[in-house]
Amino acid sequence: MTALPPQITGWFESRGWAIHPHQRAMLARAGDPCTLLIAPTGGGKTMAGFLPTLAELADGSHQGLHTLYISPLKALAADIRRNLTGPITEMGLPIRVEDRTGDTSSNTRKRQRADPPHILLTTPESLALLTSYEDAGRTFAGLRRVIVDEIHALAESKRGDQLMLALSRLASLAPGLRRVGLSATVEDPAAIARLLARHPDPCEILQADPGPDPDIAMLTTPEPPPWSGGGGKYAIPRVLEEVKRHRTTLIFHNTRAQAEIFFHHLWLANDEQLPIGIHHGALAREQRERVEQAMTDGRLRAIVCTGTLDLGIDWGDVDLVIQVGAPKNVKRLVQRIGRANHRYNAPSKALIVPANRFEVIECVAALAAVREHDLDGDPRGPGPLDVLCQHILIRAAAGPFDAGDLHAEVITTGAYADLPRETFDRCLDFVATGGYALRAYDQWQRLMQRPDGLWQLRDPRAAQRIRMNVGTIVDADKMAVRLHKSRGGKPLGEVEEYFASMLRKGDTFLIGGEIVRYEGMREMVVEVTRTPWQKPKIATFMGTKFATSTQLSDRILSMFRQDDWPELPGHTRDWLHLQRKVSRLPERDRLLVESFPHDGREHLVAYGFAGKNAQQTLGLLLTQRMEAQGLNPMGFVATDYATLIWGLDAVEDARPLFSRENLVETMETWLAENAVMKRTFKGSAIIAGLIDRSMPGGKRKSGRQATFSSDILYDTLRKYDPGHVMLEITREEAMRGLVDFGRIEAMLERIGDRIDHVRLSRVTPLAAPLFLEPGRVPVEGLASQRLMEEEAARLMRTAGLETA
Amino acid sequence: MNAPSPPIHVLQFRGHTLHAMASGALHWPAAELLCVSDLHLGKSERMARRGGPMLPPYEGIDTLLRLDADIAATRPRTVVCLGDSFDDAASADALDDVTASHLRPLMAGRRWIWIAGNHDPGPIALGGTHLSEYRLAPFVFRHIAEPGAEAEISGHYHPKARLSGRGRGITRPCFLVDGDRIVMPAYGTYTGGLHCDGPELSALMAPGARAILLGVPPVAVPMPRRPA
C-alpha cells in the first residue's frame, strides 16, 4: 500500500475524518495497471481516485504531468478543480492543478501543452485534441495515472470509445500508465472494466459500501393517471405538496418537451410562488448557468430537469428526487435517485409518477427491480468504426505513423480488441483516399504513404481542419430561438430544425418555461414574441428518447402471468382483469395480435414489447407488407409495448405478416430509402471525417450559397458506390440505434411461431390508450408532393393569384 | 414514339411561354433553348484539392446524367449554362475523364453557350461559346442579376424556399419569378441553397414575385419573404 504522507493523514485527522475503507483499498492498489471503483455518489469517490496521486506527488519530486482526470462534463472538471485545490492548499502540498476544456483560453491551452500541471482535469474531447499535436509526446511524458470519472456514463456512448482510443495512444507515449475508473452502480461492472483496461491487462473491481437502499415509492394521487400521454400533469398538486415538504427537489422528465409542459403547469399552480427553475439541454447557455448558480446558492426549492442533471455538480441539499414518467430503464432510475442526498450512508429518497395507466404497471415493475438490485443494460457491441476513422485522423495530425503500429495500439482498447487488420485497413483507406470505387482523389489524398512506409498528411495544413472536427457528439440540426426585434433579440434556446419547419405564423410553443408565438424564420433563426396569455401548442421538440429496456419489458410480461395484481392500484388492476376477460394478456414467449373494427376502419395491434424504436420500425415494416397485400393501411402509432395499425381492410391471418423472411426482406428495401438512415449517415459521416462539422448539417457558412444537405451525399453514394464503407457503418449504426432491428429479431426469436391472432368486434382495454397516443405516422406514397400542391393552392388563393 | 412529356410548370414571362422543369432546368420551347445554371462540376475535386473533405466524387456524373435526360426530353438546339458551370477554373481544367466523356456527347450537334460565372470566369478548353452574357430577344441571360434589368434570366443565388403544410416542413430549390427577372435554381448535385426569405433575395425580387418549387411537377407559390 502506498503510505500516506503526514501532511495528508494530518489533514484528515484535523477534520476528524476517517479514511473510508474503499479509499484505503484504492491506495493499496495504487500500483495496479487498472482498477475500477464502484461507489455511490457522496461516498468520497473522487477523493478515493485522487489520494494515490496526492501521496505520490507529496514530496515534490515529480516533474510535469502526473495525473490526468477525465470527466464527461466540463462543469465537473471545473468543480473538481475547486474541490481539489482547497485540500491541497490546506495540506500544503506542492501540487499544481488545472482544468482544460473547450472554455479554456487559447493562451492557457498552449502553455499547458508546453508546461503541463501535475494534475490536469479535462474532457474526452479536449484530451483527444491534446493527442493530435506534434508535441503530444512531450506533454504526456512522465504521465503516471489516468482517472476516468463517471465512466458508467461514458461507457454508453461514442465519447467513451473515443476516450479509450486516446488512452491507447497515451499508453504508448507514457509506458506504465495506470488507469482508474470511477463509476456509479451498474449492472455489469466487468463490462466496464473490460472497456477501461488496456487489453489484455487485468482490472480489479472494487465495490464500495453501496449504502442503505433508497427510500423509493410510487406517488399516490387522489385521481388515477390518464389513459395515455406523458407529462404527469394530473399529479401537479401532489408534486407541489412534496416540494413544500422538502428542502430541494429534483423533478426529472424523460423529454425536454415534457419538462417544459410540466414546468408551465407547475407555475400556474404555484400559488405560494416557490422558487422553481427549469434546466435542460435546449435552453440557452446563459439561462442554464443562471439556474445552476441559483441551485448552488441554495435559492431554489425545485428544478424541473431532464438527463442534463443526471451527472454533475454535487448539490448536497437535494433531499428528494421525483421521476415523472416511467423510468424506461432501471439503471438510470437508480442513478437518478442517487442524486438525492449526497451524504454517505443516508438513504436517497425518491418518488415515481406514472404519466399514464400503462406506466403504473411499468413503475411497479421498475420499483420491484430496484428493490431486487436487478439493473438492466444492453451490451454495446464492438467499437464503432466512425470513431476509429476519427482516431486515425487525429493520429495523423500528430505526425507520421506506421499502420501496423497503430493497429497494434488500437487493439489494446477493449472495444476494439477484436478489430481485424483488414477492417482497420479499410478505415485507413477511407481516411486516406475517401475509399471510393472511383479513385478520383489519387492526387489529392488526405494521407499519403511515404517511401519509408509511414503514413502522413499530404497537406500539413489539414491538421488544423482535423482538430476543428474532433468529437463524437453530433447534435440534431438546431435553430436558435430569439425574441423578434429589429436587431435580433434575446436568445431563448434552440429547437430542432424539423420542429421549426412545422411551425406556422401564430403557432405558440413553450421554451424555457415561457409561452412564445412564432413570428417567422429569419435565415436560421426562429423569431418569436412572448405571449404569456395564450395556450401553448404542444412543444414536440424531442430531446433524448429512450426505449424501455429489455429487462423491464420482461418484468412487465412476467407480471401479466399473475392471476391477480394486489401490488397495483385498483383502477389498473381492474383494467388488466378486463383485458384478460375480453381478449387475453400478452405473454413473454408468444405474440398477441388483436384485430378489430373501430370507427369505420380496421385496426390491428401487435404487442411486441420491443421498445418504442423497434415497435416503430415494426409499424413501418408491417404497413409495407400490408400495402403490398392490398390491405390499404393508412397509418400507425407505436409505443414501447405495442404498435397499432389502421387501414381499410381487415387482416384475416396475421401470421404470415410476421414471418422472419418477410420482415427481413422488407427491411432491406425499406432501410435504404429511410430518413432514419439519412440521419444516421450524417452523424457517422461527421464523426468519420467525411464531412466537416462546418459543412452539411454543421454550422452554416456565412457565404451566400449555404451548405447542401448531407442527404444528397447519402443518395449519391448509394447510387454510385453502394459498397462504400461509410454505408456499411451507417447501416450498422442504424440497426443498433434508431431502427433497433436487433430487438425485433430478438422478439421474433422469442415468439417463434407462437402468434395468437385474436379477432374481436371492438377495441380492447389494452388497445384503447393507443388511440390517444401522439406521434401517429401516416402511410403515404407521394404525400410530400400532394401536400406541397395543396399548400401551394391555398397560398395562391390567399394571395389572389391563379395556380397555373 | 414520343417520350412521355416531362413534369413541368408552364409560366408566362414577358409574353413568352417557358417551362420550369422538375430538374431545375428552364426550357423555352419556341426558341428550342434549354437553360441550366450553377452546375458546379468538379466541386468534390476542388474540396479535396484544398485539403477539405473527400466527398463522394460522383456529383459530376450525376449532374450530367440529369442534364442528359433533360436534353433527350426537350431536344434543344441551344443549351445555355448560366455560369458557375465549374466549381472553379482549375476544376474545369482538371475535369476527370468520366465527367468529360459524359459532357462531350451532350455538346455535340448543338449550340452550347458557357456564360461566365463568379467561380469560373476564365475560358475553358471544352469547346462551346464563351460569353459574359447572352442576348436572345427579348431575354438576356447572365450569371448574376443586375439591378434594374428587364427580361433577365440569371442564376448565382441558388434560391430555395420553405413551405409548411399539415405539420410537415418542405424545403426545395426554386425558380424565382417577377415581372422583370427569373432567378434559376442551382442544377448541380452538390449545391446548397439560399433561402429566398433572406435579405438579399427579398430585396432583389419585386413585390408579387413567385417561387416555383422543384417537384414532380414543380409548384408555384407567392415567394416567401423576409417578414417586414
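The following paragraphs examine the structure supplied in this document.

## Things to note about the overall build of chain B
Within chain B, the regular secondary structure consists of 5 helices and 16 strands. For chain B, the residues scored as buried account for 61% of the 228 residues in total. Summarising the internal contacts of chain B: among those between residues at least 6 apart in sequence, 65% fall at separations of at least 24. Summed over all atoms, the accessible surface of chain B reaches about 8300 Å², with 53% contributed by carbon and sulfur.

## Let's talk about the overall build of chain A
Scanning chain A from terminus to terminus reveals 29 helices and 26 strands. In chain A, which comprises 804 residues, the proportion classed as buried is 57%. Considering only residue pairs separated by 6 or more positions, chain A has 71% of its internal contacts joining residues 24 or more positions apart.

## Let's talk about the pairing of strand β5 (residues 78-81) of chain B
All names here are of chain B. Across the two faces of β5 the burial is the same, with Thr78 and Val80 and Val79 and Cys81 all buried. Where strand β4 (residues 33-36) and β5 come together, 4 bridges link them in parallel fashion. Each residue of the ladder has a partner; that of Leu34, found in β5, is Val79.

## Digging into the nonpolar core
All names here are of chain A. One finds Leu388, Ile392, Phe424, Leu447, Phe658 and Met726 to be the most contacted residues of the largest nonpolar core, which totals 88 residues. Broken down by element, this core gets its largest block of residues, 9 residues, from helix α16 (residues 385-398). Two domains share this core, each providing at least three of its residues, namely domain 1 (6-207) and domain 4 (585-674 + 739-783). Contact partners of Leu388, with chain neighbours within four places excluded, come to Leu165, Val410, Tyr416, Leu419, Phe424 and Cys427. Listed in part, the 58 residues of the second largest apolar core include Ile216, Phe252, Ala350 and Met559.

## Notes on the environment of Ala463(A)
All names here are of chain A. As for its position among the elements, Ala463 is in helix α19 (residues 462-468). C-alpha separation for the pair Ala463 and Ala396, spaced 67 residues apart in sequence, amounts to 7.9 Å. In contact with Ala463, other than residues within four places in its own chain, are Ala397 and Leu457.

## Notes on the pattern of salt bridges
Residues and elements named next belong to chain A. Tallied over the full model, the rule gives 58 salt bridges over all chains. A salt bridge links Lys244 to Glu272; its shortest N-O distance comes to 3.2 Å. Here the residue Lys244 occupies a position in helix α11 (residues 236-245), and Glu272 occupies one in the loop between α12 (256-269) and β10 (276-279), the gap between them amounting to 28 residues.

## Observations concerning the sheet that holds strand β7 (residues 204-207) of chain A
Residues and elements named next belong to chain A. Spatially, the 7 strands line up as an open sheet ordered β3-β4-β2-β5-β6-β1-β7, and their pairing is parallel. Pairing within the sheet leaves two strands with one partner each, and these edge strands are β3 (97-100) and β7. When strand polarity is set aside, the average angle formed by the axes of neighbouring strands in this sheet is 20 degrees. Of the pairings in the sheet, the one linking β3 to strand β4 (residues 119-122) comprises 4 bridges and is parallel in character. In the sheet register, Asp99 faces β4, and the bridge partner there is Leu121. Of the strands in this sheet, β1 (34-38), β2 (67-70), β4, β5 (145-148) and β6 (178-183) are in contact with helix α3 (residues 45-57), which crosses β5 at around 170 degrees.

## Notes on the sheet that holds strand β11 (residues 302-305) of chain A
Residues and elements named next belong to chain A. Taken in spatial order, the 6 strands line up as β8-β13-β12-β9-β11-β10 in an open sheet, and their pairing is parallel. Only two strands of the sheet have a single partner each, and these edge strands are β8 (215-218) and β10. For this sheet the average axis-to-axis angle between neighbouring strands, irrespective of direction, equals 20 degrees. As paired strands, strand β9 (residues 248-252) and β11 are joined by 4 bridges and run parallel to one another. Bridging across to β11, Ile251 finds its partner in Val304. Lying over the sheet, helix α13 (residues 285-296) contacts β9, β10, β11 and β12 (318-324), oriented at roughly 135 degrees with respect to β10. Each of β8 and β13 (349-353) touches helix α15 (residues 357-371); the most contacted strand, β8, lies at about 160 degrees to it.

## A word on empty space enclosed by the protein
All names here are of chain A. Applying the stated rule across the entire model yields 10 cavities of 30 Å³ or more. As for the largest cavity, its lining consists of 13 residues, and the residues nearest its centre are Leu393, Arg446, Ile466, Asn469 and Gly689. Elements with a minimum of two residues in the lining of the largest cavity: α16, α19 and α25 (675-688). A total of 3 residues in the lining of the largest cavity trace back to one element, the largest contributor, which is α19. Looking at the lining of the largest cavity residue by residue, the class counts come to 6 nonpolar, 4 polar and 3 charged.

## Describing helix α23 (residues 612-628) of chain A
Residue and element names in this part refer to chain A. Helix length check: α23 (17 residues) gives 24 Å between terminal C-alpha atoms against 24 Å at 1.5 Å per residue, within 8%. Buried within α23 we find Ala614, Gln615, Thr617, Leu618, Gly619, Leu621, Leu622, Thr623, Arg625 and Met626. Note on α23: the residue one or two positions beyond its end, Gly630, has a positive phi of about 70 degrees.

## Some details on the side chain of Asp161(A)
For Asp161(A), the location among the structural elements is in helix α9 (residues 158-173). Discounting residues that sit within four places of it in the chain, Asp161(A) has contacts with Arg380(A), Pro384(A), Val387(A), Ala415(A) and Tyr416(A).

## Let's talk about the packing of aromatic side chains
Evaluated as defined, the whole model comprises 20 aromatic pairs over all chains. Note on Phe358(A) and Trp575(A): the rings are 6.4 Å apart at their centroids and 90 degrees apart in plane angle, and the pair reads as edge-to-face. In this pair, Phe358(A) sits in helix α15 while Trp575(A) sits in helix α22 (residues 570-582), placing the two residues 217 residues apart along the sequence. For the pair Phe358(A) and Trp575(A), one class covers both residues: buried. Through a chain of ring-to-ring contacts, the aromatic side chains of Trp227(A), Phe358(A), Phe560(A), Trp575(A), Phe609(A) and Tyr641(A) assemble into a single cluster. Sitting above the plane of the Trp227(A) ring, Arg357(A) keeps its charged end 3.8 Å from the centroid. Cation over ring: Arg66(B) sits above Tyr187(B), and NZ or CZ is 4.8 Å from the ring centre.

## A closer look at the packing of α15(A) against helix α21 (residues 550-560) of chain A
All names here are of chain A. With their axes 9 Å apart at the nearest point, α15 and α21 run at an angle of 105 degrees to one another. Relative to α21, the element α15 lies roughly perpendicular. When α15 is examined against α21, the residues Phe358, Ile361, Glu362, Val364, Ala365, Ala366, Ala368 and Ala369 are found in contact with a partner set consisting of Leu552, Arg555, Ile556, Met559 and Phe560. Grouping the constituent residues of the contact of α15 with α21 by class yields 11 nonpolar, no polar and 2 charged.

## Brief notes about the environment of Leu268(A)
Looking at where Leu268(A) falls in the secondary structure, it is placed in helix α12. Placed 32 residues apart in sequence, Leu268(A) and Ile236(A) show a C-alpha to C-alpha distance of 9.9 Å.

## Observations regarding helix α26 (residues 710-720) of chain A
What α26(A) keeps buried is the set Ser710(A), Leu713(A), Tyr714(A), Thr716(A), Leu717(A) and Tyr720(A). One side of α26(A) carries all its buried residues, which in axial view fall inside an arc of 165 degrees.

## So, the environment of Leu621(A)
Residue and element names in this part refer to chain A. As for its position among the elements, Leu621 is in helix α23. The class for Leu621 is buried, based on a relative accessible area of 0%. Note: C-alpha distance between Leu621 and Leu663 (42 residues apart in sequence) is 6.5 Å.

## Here's the deal with unusual backbone geometry
Cis geometry marks the peptide bond from His199(A) to Pro200(A); its omega dihedral reads 0 degrees. Within the secondary structure, Pro200(A) sits in the loop between α10 (189-196) and β7. Following Val216(B), the chain continues to Pro217(B) via a peptide bond in cis, the omega torsion being -5 degrees. Of note, the phi angle at Lys328(A) is positive, near 70 degrees, even though the residue is not glycine. On the secondary structure map, Lys328(A) appears in the loop between β12 and α14 (330-337).

## Remarks on the pairing of strand β9 (residues 139-142) of chain B
Residues and elements named next belong to chain B. A two-sided burial pattern is seen for β9, the buried positions comprising Phe139 and Phe141 on one face and Val140 and Arg142 on the other. In terms of strand pairing, strand β8 (residues 133-136) meets β9 through 4 bridges, oriented antiparallel. Looking at β9, one finds that Tyr134 is bridged to Phe141. In the sheet, β9 pairs with strand β10 (residues 152-154) via 2 bridges, with the strands oriented parallel.

## Remarks on the side chain of His62(A)
Residue and element names in this part refer to chain A. Along the polypeptide, His62 turns up in the loop between α3 and β2. Classification of His62 as buried rests on a relative accessible area of 10%. A distance of 3.0 Å separates a polar side-chain atom of His62 from the backbone oxygen of Leu65. If we skip the residues at most four places from it in the chain, His62 touches Leu57, His118, Gly142 and Arg144.

Rules behind the numbers
- Residues numbered from 1 in each chain as written.
- Chains lettered and ligands numbered in written order.
- Predicted model: local features only at pLDDT ≥ 70, side-chain atom pairs only at ≥ 80, totals over all residues.
- Heavy atoms only, no water.
- Helix = DSSP H or I, 4+ residues; strand = E, 2+ residues; numbered from the N terminus.
- Buried < 20%, exposed > 50% of the residue type's maximum accessible area, 1.4 Å probe, protein only.
- Contact = heavy atoms within 4.5 Å.
- Areas by Shrake-Rupley, 256 points an atom, 1.4 Å probe, with all protein chains shown as cover.
- Pairing = 2+ DSSP bridges.
- Core = buried A, V, L, I, M, F, W, Y, C linked by side-chain atoms within 4.5 Å.
- Domains from an automatic or database assignment.
- Salt bridge = Lys/Arg side-chain N within 4 Å of Asp/Glu carboxyl O.
- Axes fitted to C-alpha atoms, helices over the stretch in contact; angles between N-to-C directions.
- 1 Å grid on protein atoms, 1.4 Å probe; cavity = no way out; pocket = protein on both sides within 12 Å on 5 of 7 lines; lining within 4 Å.
- Points joined across faces, edges and corners; volume = space filled by probe spheres on them.
- Nonpolar A, V, L, I, M, F, W, Y, C, P; charged D, E, K, R; others polar.
- Expected span 1.5 Å × (residues − 1).
- Phe/Tyr/Trp six-rings, centres within 6.5 Å; stacked < 30°, edge-to-face > 60°.
- Lys NZ or Arg CZ within 6 Å of the ring centre and 35° of its normal.
- Parallel < 35°, antiparallel > 145°, perpendicular 65-115°, else oblique.
- Arc of directions from axis to C-beta.
- Polar contact = N/O pair within 3.5 Å; in protein donor to acceptor, adjacent residues only side chain to side chain.

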